[in-house]
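# Structure assessment
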Amino acid sequence: MQDRPRRLRRTPAIRRMVQEVHLSPADFIHPIFVHEGAEVSEIRTMPGVQRHTYASAVEQAQQAHALGIPAVILFGIPDHKDAEGSQAYAEEGVIQQATRAVKAAVPDIAVITDTCLCEYTDHGHCGHLVQDGTQWTVDNDPSLELLARTAVSQAEAGADIIAPSAMMDGQIAAIRAALDAAGYSQLPIMSYAVKYASAYYGPFREAAGSAPSVGDRATYQMNPAGGYREALHEARLDVQEGADFLMVKPALAYLDVLRLLRDEFDLPLVAYNVSGEYSLVKAAALAGYMDERRTVLETLSAMKRAGADTILTYHALDAARWLKEGQ
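Computed from a predicted model, the values in this text were never measured in an experiment. (Residues numbered from 1 in each chain as written. Predicted model: local features only at pLDDT ≥ 70, side-chain atom pairs only at ≥ 80, totals over all residues. Heavy atoms only, no water.)

## Focus on the pattern of salt bridges
As a reminder, the rule being used: The rule for a salt bridge is simple: a side-chain nitrogen of Lys or Arg has to be within 4 Å of a carboxyl oxygen of Asp or Glu. Numbering of helices and strands starts at the N terminus; helices are DSSP runs of H or I of at least 4 residues and strands are runs of E of at least 2.
This structure, assessed with the given rule, holds 12 salt bridges. Salt-bridge contacts for Lys 304 lead to Asp 27; the nearest nitrogen and oxygen are separated by 3.0 Å. Of the two residues, Lys 304 sits in helix α10 (residues 292–305) while Asp 27 sits in the loop between α1 (12–18) and β1 (28–35), which places them 277 residues apart along the sequence. Between Glu 92 and Arg 100 there is a salt bridge, with its nearest N and O atoms 3.2 Å apart. Look at the salt bridges and you will find they share partners, linking Arg 176, Asp 180 and Asp 244 into a network.

Next up, the structure:
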């Protein structure tokens, strides 16, 4: 046989020479949950992930920076919640204080702020909740004002990138206009452009205390059985409205959608390796069913091969350490 593909798999050195996908810590975004408590607390549904104080959030950012991870994303868990999510845009809100603390201690790391209301509302939805007959739904347009106020407040606190995740129609345009009017025209927007109403978010909802108290998010997050037309429509709207990054969330069950966006758009593309994907691997590894290191690196490589430029993952610190050890 003239053609023997196994020749190029014969040794580790040869395999490294010809591999097409290369992961590095620079590919990752490290997520940090920040609460207003005095102690770090474990998250039952996400082994190895914690709710952090301001001080320990700084330590997490310092670890990420030392490992070569260029960015963190902050998720806030306030003590007080109300119908309008007012702590999302409060000057001394949990995210605003955490952003200032991280930027003061680690100025070279990019701080991304999740721009949504679900962690801050007492009903757990991503905007202004209203009752329509017997159904509860989020009133889209009044929610845009709240999201825009949140984005400006986060910018004032020193955020480097604003990441709207509410899936409200027109949110990118509203946030872009508000940021520009407030003097933040240079601040990029990382849009959760293609975000599905996914069962894979379950662990996050416990971590962030953001489970809806009534109804669900199917009227604004995308149908998991939706096709490519819906994904392209959402992404095109966000590009037209001024998004600087596009995201697909979740990543693992939607690698085909990730590839679709990579082929259609030139913007940097983010894959969100979500809480359920993380917890499945963690649970299997803790039970001895799977090799955690190999499974995680294989999964992240699949996301990059599908077209992701950046991967938001709860495995970020571990994966960065493993990659450095492998060098």
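That covers the picture; the talk isn't over yet.
## Things to note about helix α2 (residues 54–66)
How we decide: Here the expected length of a helix is defined as 1.5 Å per residue gap, with one fewer gap than residues. Classification of residues uses two cut-offs on accessible area relative to the type maximum, computed with a 1.4 Å probe and protein chains only: under 20% is buried, over 50% is exposed, and between them is partly exposed. Residues are treated as being in contact if the distance between any of their heavy atoms lies within 4.5 Å.
Here α2 is 13 residues long and its end C-alpha atoms lie 19 Å apart, about the 18 Å a rise of 1.5 Å per residue gives. Buried within α2 are the following residues: Ser 56, Ala 57, Val 58, Gln 60, Ala 61 and Ala 64. In this structure, the buried side of α2 is in contact with β1, β3 (50–52), β4 (71–77), α3 (94–105) and α11 (316–326). Of the residues trailing α2, Gly 68 is marked for its positive phi of about 90°.

## Looking at the side chain of His 123
Rule in force here: Two N or O atoms count as a polar contact when they lie within 3.5 Å, although within protein this holds only if one can serve as hydrogen donor and the other as acceptor, and sequence-adjacent residues are included solely when both atoms are side-chain atoms.
Positionally, His 123 belongs in the loop between β5 (110–115) and β6 (128–132). Take His 123: its relative accessible area is 8%, and that puts it in the buried class. Of note is the side chain of His 123, whose polar atom sits 3.0 Å from the backbone oxygen of Ala 83.

## Description of a positive patch on the surface
Definition in use: Like charges within 9 Å and nonpolar side chains (Val, Leu, Ile, Met, Phe, Trp, Tyr) within 5 Å are joined into patches, using only residues over 30% in relative accessible area that form no salt bridge. Using the Shrake-Rupley algorithm and a 1.4 Å probe, accessible areas are obtained, with residue cover drawn only from the displayed protein chains. His is not counted, nor are the chain ends, whereas Lys and Arg count as positive and Asp and Glu as negative. Just so you know, the charge point we use is NZ for Lys, CZ for Arg, CG for Asp and CD for Glu.
On the surface, Arg 4, Arg 6, Arg 7 and Arg 9 cluster together to form a positively charged patch. Relative to the helices and strands, Arg 4 is located in the segment before α1. Accessibility expressed as a relative area gives 41% for Arg 4, which makes it partly exposed.

## Considering helix α7 (residues 228–241)
Operational definition: What the arc describes is the spread of directions from the helix axis to the C-beta atoms.
Over its 14 residues, α7 extends 20 Å from the first C-alpha to the last, a length consistent with the 20 Å expected when each residue adds 1.5 Å. Among the residues making up α7, those that are buried are Ala 231, Leu 232, Glu 234, Ala 235 and Asp 238. Down the axis of α7, the buried side of the element spans an arc of 165°, and every buried residue falls inside it. Seen from the open side of α7, the exposed residues pointing more than 90 degrees away from its buried face are Arg 229 and Gln 240. Contacts made by the buried residues of α7 are with α5 (171–181), β9 (190–195), β10 (245–249) and α8 (255–264). Note on α7: the residue one or two positions beyond its end, Gly 242, has a positive phi of about 115°.

## Remarks on the packing of helix α4 (residues 140–157) against α5
What counts is decided by this rule: Comment: axis = line fitted to C-alpha atoms, over the contacting stretch for helices; angle = value between 0 and 180 degrees taken between N-to-C directions. An angle below 35 degrees is treated as roughly parallel, one above 145 as roughly antiparallel, one from 65 to 115 as roughly perpendicular, and anything else as oblique. In this scheme the handedness of a crossing depends on how the near helix is turned from the far one: anticlockwise by less than a right angle means left-handed, clockwise means right-handed. In the scheme used here, Gly and all other residues not listed as nonpolar or charged are polar, with Ala, Val, Leu, Ile, Met, Phe, Trp, Tyr, Cys and Pro taken as nonpolar and Asp, Glu, Lys and Arg as charged.
As a packed pair, α4 and α5 sit with axes 9 Å apart at the nearest point and diverge in direction by 45°. With respect to α5, the element α4 is oriented oblique. Our pair here, α4 against α5, has a crossing hand that is right-handed. Contacts from Leu 144, Leu 147, Ala 148, Ala 151, Val 152 and Ala 155 of α4 reach α5 at Gln 171, Ala 174, Ile 175, Ala 178 and Leu 179. Taken together, the residues that form the contact of α4 with α5 break down as 10 nonpolar, one polar and no charged.

None of this, on its own, says anything about what the molecule does.
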